[in-house]
Amino acid sequence: MPALFEVIAALDALWPPERAEEWDAVGTVCGDPDAGVQRVLFAVDPVQDVADEAVKLGADLLITHHPLYLRGTTTVAASTFKGRVVHTLIKNDIALHVAHTNADRADPGVSDALAGALDLRITGPLVADPTDPAGRRGLGRICELDEPMTLGAFAERAAARLPATAQGIRIAGDPGRTVSRVAVCGGSGDSLFDDVRRAGADVYLTADLRHHPASEAQQEARHQSPPALVDAAHWATEWPWIEQAAAQLDEISDRHGWNLRTHISRTVTDPWSAHAASHPNATTGAPN
């Protein structure tokens, strides 16, 4: 059975913390470096339901994509929901380790897993990491479909391949438009519109598309024909990474003879719980 510090060293080799954004909070949040690790749970969010799942599973280590304390804190009191997570983990000898933007930039990273879930052929990063001479690391991915399809059909593929959420999949653009070159970015991606346009993508799939950036991108479409947009739930675009990450740790465990048991959380931690479709005449006031 490896010690936690040995497993963390392997994880830091996969997702070096120095490659995280300056504002990010990655690495080990809690855990005894000398404690043994046998069972590992991977999840997107370090929320209470996931902490409880780790306890029920008997996990020694919880690895999440999203940080617990992204903006710092002055308390871990159990009267706060984040403090309660920390108390739950420590009381049950469960370590917490976070790989966030360092996993976004990795090769393979979060967007590779997203592209794989959509059965896309990756041709390179959307925003290349200048420190990578091989040109494989970076934010987002540029991909190709094996065969062109309509935007509507591509959105249906995303709805079928990504985990189900209340939001589902939204599109901006003509559903009948033919698309072939696809840009993807797991998580919030509307800051990368300029890069998507430069890449010549027909469609951009990401999450958390805000009104003004999406609207402006579509207005430019009238003159420059930039990509259509496919907006999925943030959690859904990043969930494929935990399958990929667990497989990476499995390979390391096999190589070292650690006999780790890795598990993937299927707890839906997307914050939205229901969806009510708009009525066709709701905004016009037209009679039914």
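Heads up: these notes are all about the structure in this document. (Residues numbered from 1 in each chain as written. Predicted model: local features only at pLDDT ≥ 70, side-chain atom pairs only at ≥ 80, totals over all residues. Heavy atoms only, no water.)

Following Asp107, the chain continues to Pro108 via a peptide bond in cis, the omega torsion being 0°. Examined against the element boundaries, Pro108 turns out to sit in the loop between α4 (101-104) and α5 (110-117). In the Ramachandran plot, Asn259 falls in the positive-phi region, its phi being about 60° despite a non-glycine side chain. Residue classification places Asn259 among the exposed positions, given a relative accessible area of 59%. (Helix = DSSP H or I, 4+ residues; strand = E, 2+ residues; numbered from the N terminus. Buried < 20%, exposed > 50% of the residue type's maximum accessible area, 1.4 Å probe, protein only.)

In this section: the pattern of salt bridges. Applying the stated criterion across every chain, the model contains 11 salt bridges. Between Asp129 and Arg137 there is a salt bridge, and its shortest N-O distance comes to 3.4 Å. Accessibility classification places Asp129 together with Arg137 in one group, the buried group. Here Arg197 makes a salt bridge to Asp194, at a shortest N to O gap of 2.7 Å. With Arg197 and Asp194 both in helix α7 (residues 193-198), this residue pair falls 3 residues apart, about one helical turn. Exposure remark for Asp194: the relative accessible area of 46% places this residue in the partly exposed category. One salt-bridge network, in which partners are shared between bridges, spans Asp129, Asp132 and Arg137. (Salt bridge = Lys/Arg side-chain N within 4 Å of Asp/Glu carboxyl O.)

Another aspect to go through is helix α1 (residues 4-14). Buried residues of α1: Leu4, Val7, Ile8, Ala10 and Leu11, and no others. All buried residues of α1 project into a common sector of 160° when viewed along the axis, lining one side. Residues of α1 that are buried in the fold lie against β1 (27-30), β3 (61-64), β4 (95-98) and α9 (234-256). (Arc of directions from axis to C-beta. Contact = heavy atoms within 4.5 Å.)

Once that is clear, we can look at the sheet that holds β3. Overall, mixed pairing links the 5 strands, which are arranged β1-β4-β3-β2-β11 in an open sheet. The sheet is open, and its two edges are formed by β1 and β11 (261-264), each paired on a single side. The average undirected angle you get between the axes of adjacent strands in this sheet is 25°. Two elements, β1 and β4, share 3 bridges in a ladder whose sense is antiparallel. Paired with Cys30 across the bridge in β4 is Leu96. The sheet contacts of α9 involve β2 (39-43), β3 and β11, and relative to β11 the element is tilted by about 175°. (Pairing = 2+ DSSP bridges. Axes fitted to C-alpha atoms, helices over the stretch in contact; angles between N-to-C directions.)

Here helix α6 (residues 151-161) has its buried residues at Leu151, Gly152, Phe154, Ala155, Arg157 and Ala158. Buried residues along α6 sit in contact with β6 (138-150), β7 (170-172), β8 (178-188), β9 (203-207) and β10 (228-232).

Packed helices, taken two at a time, are described by the angle their axes make and the gap between the axes. Look at α5 against α9: their axes get within 7 Å of each other, and the N-to-C directions meet at 100°. One finds that α5 runs roughly perpendicular with respect to α9. Counting all contacts with α5, which are made through Val110, Asp112, Ala113, Leu114 and Ala117, the residues of α9 involved are Thr237, Glu238, Pro240, Trp241 and Gln244. (Parallel < 35°, antiparallel > 145°, perpendicular 65-115°, else oblique.)

Moving on, we come to the environment of Leu120. The residue Leu120 is located in the loop between α5 and β5 (121-128) in this model. Accessibility expressed as a relative area gives 10% for Leu120, which makes it buried. On a C-alpha basis, the gap between Leu120 and Val184 in space is 9.7 Å, while along the polypeptide they are 64 residues apart. Once residues within four sequence positions are removed from consideration, Leu120 is found in contact with Ala115, Cys143, Glu144, Leu145, Phe154, Arg157, Val182 and Val184.

The next thing to look at is the sheet that holds β5. Strand order in the open sheet formed by 6 strands is β5-β6-β8-β9-β10-β7, and the pairing between neighbours is mixed. Either end of the sheet is taken by a strand with one partner, and the two such strands are β5 and β7. The sheet shows a mean angle of 25° between the axes of neighbouring strands, taken without regard to direction. Sheet topology note: the β5/β6 ladder contains 6 bridges and is antiparallel. Among the inter-strand pairings, Val127 is bridged to a residue of β6, identified as Leu139. Of the strands in this sheet, β8, β9 and β10 are in contact with α9, which crosses β8 at around 90°.

The interhelical angle for the contact between α1 and α9, taken along N-to-C directions, is 125°, at an axis separation of 11 Å. Between α1 and α9, the crossing angle belongs to the class labelled oblique. In terms of crossing hand, the pair formed by α1 and α9 is right-handed. The segment α1 lies against α9, with Val7, Ala10, Leu11 and Leu14 engaging Gln248, Leu249 and Ile252. When its residues are assigned to classes, the contact of α1 with α9 shows 6 nonpolar, 1 polar and no charged. (Left-handed = near helix turned anticlockwise from the far one by under 90°. Nonpolar A, V, L, I, M, F, W, Y, C, P; charged D, E, K, R; others polar.)

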